[in-house]
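Architecture and fold: a report
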Amino acid sequence: MEKKNTKVAYGVACIVIVALMVILRFAYPDGVTGTIWSLLPPAVAISLALISKEVYSSLFIGVLTGSILVANFAPWDTIRVLVGGGEGLYEHGLITNIGDLWNVGILMFLVILGIMVDLMNKGGGSAAFGRWAKENVKTRTGAQLMTMLLGVLIFIDDYFNCLTVGSVMRPVTESHKISRAKLAYIIDATAAPVCMLAPVSSWAAAVAGFVDDSYISGIQMFIKQIPYNYYCLLTLVMIIVISILNIDYGPMLKHEYNAQVKNDLFTTEHRPFEGADDYEEGAAHSKIADLILPVVVLIVMCIIGLIYTGGFFDGASFIDAFADADAATGLCLGSIVALIFTFIYYWLRKSISFEKSMQSVPSGFIQMVSPIMILCFAWTLGALTKNGLESGAFVESILENAANLKNFLPVIIFLMSAVIAFATGTSWGTISIMAPIVTMAFDYGKEPLLCVIGLAACCAGGVCGDHCSPISDTTIMASAGAHCYHINHVNTQLPYALTVVAVSAIGFLIAPFLKNWFICLVIEIALMIGVLLVIKSIVSKKHAGIFEEMKKADEELYKTA
C-alpha cells in the first residue's frame, strides 16, 4: 500500500510540474533567467527524490526541467541543452559537465579510492583493523567518537574524507550495531564542516580565491571567519554530545532501533554495494598496519599532490601553494602513487596474490558506478541552475533590497546561502556567488568585523545547504562511504542538520551586536547543548519503550563481548 501511495504521489507531482511549466511558458515569454523560478529545477529534483525515494529518475527530471527552462521551451534546443557539448546555451549539459577536467579528475579519484578500498579488503587490512577495534573500542560511544576523530584528522578534502573514513570505520561500527544511516551522518558531518575549518585544505583554497583581497589576503580572511562559522563548529559539538549522551531522534531513531534491537543496519530493503561488506580475512598474518599504512601514504601523497599543483616546488610558500592548488589533479596524482604503493606493499607482504589483487580494479570501479552516476546528474543540475538560469542574479537582487539592515544581514546571508546550496547541491558554487556580494555589502576597510561575520555566514550557509541537500556531491559521497542507501541518509540527517541551523541562526543574529567571538561562541555551544538535552528529555518520554529495548540490547551485546 505504501509503494502504491508513493507512486500516486510521484505521478501527481509530475503532473503538477508539467502544469507549472505550461504556466511559466506563457507568464515568462522571455524566459525565467534571474528570477525565483531559476531555482525550480533543483526544487523538482529534491522534491521527487524525497517523494519517490529514487534518486536517478528524480535527478534526471530535474535536469530535464532545467534544460527546458534554459532553452525557453524550444523542443530541439531542450535536447541540445540536455546533452550539452556545445557553446552558449549548450555549454551546461551532460557532456560538458562529464568532460570538464575538474570533474573528470574527481571521478578518477573516486575510482582509484574504490580500488584501494577493495584492495585493502581483499588484502586483510580491513579485517585486521576490525579485530583491533573489537579489542580496543569497547562501546558504541567510543566507535562514534573514533569515527568523528578520524574525520577530523582527514581534513584535506571532503571527498577523500568521506570515502576513507567510511572504508575504515564500516567494520568497526558494524560490530557495535551502529546503523549505516548514523555512520553516514557522522561521516558527512565531519567532511565539509571540518574542511571549512581547516586553513590547509582544498576548501580553504577555494574560499580564499572568492574573497576580495584588496585589504587582506584570502587565506587571512578565511582564518578570521573560523570562530564565527557557527554551523561547522556546532555540528562537531553536536556529534560529541549525541554520541556521549546517546541522543537519537527523528527517522534516525528508527534506524538505530533496528540496528541495535533487530540487528538490521539498513532498515529499508535497499542494500547498496551488496557483497562489498563481506570483509575477507586476507592472509593469516595481516596486521592493522596493512590498513593504516596505505591510508597514511594516501594522505601524505595527496597533500604533496595538492601543493605540487599549487607551485610549491616552483618556489611558492606552503600556504600559497594550497591556495592555488588544483584539488582534482592533486588528489588524482596523490591517490595514483598511493595505489601503486598499496599494490607493491601487499605483494611484498604476501597478503594477496597478483591475480586476486587485479580483481580489485573492476570491483572497485563497479562499487563507484552509483555515486558517479548521481554526481554527473548533480553537476549538470547545478550548472543549469547557476550558469544557465543565473540564479545568482536573483539572490543579489534580494540582498540589495536588504542593504539598509546591515546588522541583520549575516543571518539573512546564512539562510539564503543555505537555501541556494540546498537547491544547487554545491557549497563552493554557493560561496562563489555569495562571497563577492558579501564584500560589496560590507567594506572591509570600514567594517572589518561585519565583513568577517558576513563571510562566515556565507561559508556556514554553503556548508549547511550542501550538508542537507540530496543532490550534494558530499552527501552522495558520505552515502557511498558508509554503504548507506542515499535517500535513507538524507532523511535521517535532515532533522539533525536543521537543529544546528536553528542554533546557528541565533549566533549570526547576535554576533553583529555583541562583537566578541569568544562570548558568542560560548553562548552558541551552551545553547546547542541545552537544545539537545531538551530534545533528549522529550524523545525519551515519548519513546520510553523503544529506548528501554535499545538499552537492553546494548547491555546484552557488551555482556556477550
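What comes next is a walk through the structure. (Residues numbered from 1 in each chain as written. Predicted model: local features only at pLDDT ≥ 70, side-chain atom pairs only at ≥ 80, totals over all residues. Heavy atoms only, no water.)

Topic: the overall build of the chain
Broken down by element type, the chain carries 29 helices and zero strands. Carbon and sulfur atoms form 67% of the exposed surface of the chain, whose accessible area is close to 22100 Å². (Helix = DSSP H or I, 4+ residues; strand = E, 2+ residues; numbered from the N terminus. Areas by Shrake-Rupley, 256 points an atom, 1.4 Å probe, with all protein chains shown as cover.)

Description of helix α28 (residues 517-542)
The end-to-end C-alpha separation of α28 is 37 Å, in line with the 38 Å expected for 26 residues at 1.5 Å each. Buried within α28 are the following residues: Cys-520, Leu-521, Glu-524, Met-528, Leu-532, Ile-535 and Val-539. Between a side-chain oxygen at the N-terminus of α28 and the backbone nitrogen of Phe-518 the separation is 3.0 Å; the capping residue is Asn-516. (Expected span 1.5 Å × (residues − 1). Buried < 20%, exposed > 50% of the residue type's maximum accessible area, 1.4 Å probe, protein only. Polar contact = N/O pair within 3.5 Å; in protein donor to acceptor, adjacent residues only side chain to side chain.)

Here we look at the environment of Thr-380
Along the chain, Thr-380 falls in helix α21 (residues 369-388). For Thr-380, a relative accessible area of 0% gives the class buried. Once the C-alpha coordinates of Thr-380 and Ile-95 are considered, the two residues, 285 residues apart in sequence, prove to be 8.9 Å apart. Not counting residues within four places of it along the chain, the set of residues in contact with Thr-380 comprises Val-63, His-92, Gly-93, Leu-94 and Asn-97. (Contact = heavy atoms within 4.5 Å.)

Some words on the nonpolar core
Formed by 168 residues in total, the largest nonpolar core has its most connected members in Leu-110, Met-169, Tyr-185, Tyr-231, Met-238, Phe-414 and Phe-508. A per-element tally of this core places helix α25 (residues 448-468) first, with 13 residues. Excluding its chain neighbours within four sequence positions, the residues that come into contact with Phe-508 are Tyr-228, Tyr-230, Pro-410, Val-411, Phe-414, Ile-453, Ala-456, Ala-457 and Ala-460. (Core = buried A, V, L, I, M, F, W, Y, C linked by side-chain atoms within 4.5 Å.)

Things to note about the side chain of Thr-385
You can see Thr-385 is positioned in helix α21. Residue Thr-385 is classed as buried on the basis of its relative accessible area of 0%. Only 2.9 Å separates the side chain of Thr-385 from the backbone oxygen of Leu-381, close enough to count as a polar contact. Discounting chain neighbours no more than four positions away, the residues touching Thr-385 are Ser-38, Leu-39, Pro-41, Pro-42, Glu-390, Ser-391 and Thr-424.

Side note on a negative patch on the surface
Judged by side-chain charge, Glu-548, Glu-549, Glu-555 and Glu-556 come together as a negatively charged surface patch. Mapped onto the secondary structure, Glu-556 falls in helix α29 (residues 544-560). A residue is classified by how much of its surface remains accessible, and Glu-556, at 47% relative accessible area, is partly exposed. (Patch = residues over 30% accessible without salt bridge, like charges linked within 9 Å, V, L, I, M, F, W, Y side chains within 5 Å. Salt bridge = Lys/Arg side-chain N within 4 Å of Asp/Glu carboxyl O. Lys, Arg positive; Asp, Glu negative; His and termini not counted. Charge placed at Lys NZ, Arg CZ, Asp CG, Glu CD.)

A closer look at a nonpolar patch on the surface
Taken together, the side chains of Val-104, Met-108, Ile-336, Ile-340, Ile-344, Trp-347, Leu-348, Phe-354, Met-358 and Val-361 present a nonpolar region at the surface, about 860 Å² in accessible area. Of all elements in the fold, only α6 (101-122), α18 (327-349) and α19 (354-358) reach the threshold of two or more residues within the nonpolar patch. Here the nonpolar patch gets five residues from one element, more than from any other, and that element is α18. Within the element layout of this structure, Val-104 appears in helix α6.

Re the state of the cysteines
Scanning the entire structure with this criterion turns up zero disulfides. Free of any disulfide, Cys-232 has its nearest cysteine sulfur in Cys-459, 7.9 Å distant. (Disulfide = S-S within 2.5 Å.)

A word on the pattern of salt bridges
For side chains of opposite charge, pairing can occur when their charged atoms come near one another. Under the criterion given, the structure shown has seven salt bridges. Here Glu-256 makes a salt bridge to Arg-140, at a shortest N to O gap of 2.3 Å. Of the two residues, Glu-256 is situated in helix α15 (residues 251-261) and Arg-140 in helix α8 (residues 140-153); the sequence distance between them amounts to 116 residues. Residue classification places Glu-256 among the buried positions, given a relative accessible area of 0%. On the basis of relative accessible area, Arg-140 is assigned to the buried category, the value being 3%. Here Lys-182 makes a salt bridge to Glu-256, at a shortest N to O gap of 3.7 Å. With Lys-182 in helix α10 (residues 180-189) and Glu-256 in helix α15, this pair connects stretches of sequence that are 74 residues apart. Each member of the pair, Lys-182 as well as Glu-256, is classed as buried. One salt-bridge network, held together by shared partners, links Arg-140, Lys-182, Asp-248, Glu-256 and Asp-554.

Quick word on helix α23 (residues 409-424)
An α-helical turn contains 3.6 residues, so any two residues separated by three or four positions project in the same direction. Relative to the 22 Å expected for 16 residues at 1.5 Å per residue, α23 spans 22 Å between its end C-alpha atoms, a close match to the ideal helical length. Burial runs high along α23: twelve of the 16 residues are buried. Turning to α23, its buried residues number three or more, namely Leu-409, Pro-410, Val-411, Ile-413, Phe-414, Met-416, Ser-417, Ala-418, Ile-420, Ala-421, Ala-423 and Thr-424.

Some points on unusual backbone geometry
Its identity is not glycine, yet Asn-263 carries a phi of approximately 60 degrees, on the positive side. For Asn-263, the position within the fold is in the loop between α15 and α16 (289-309). Judged by its relative accessible area of 53%, Asn-263 is exposed. The backbone of Lys-515 shows a phi angle near 60 degrees, a positive value even though the residue is not glycine. Within the secondary structure, Lys-515 sits in the loop between α27 (486-514) and α28.

All quantities given are derived from atomic positions and should not be read as evidence of function.
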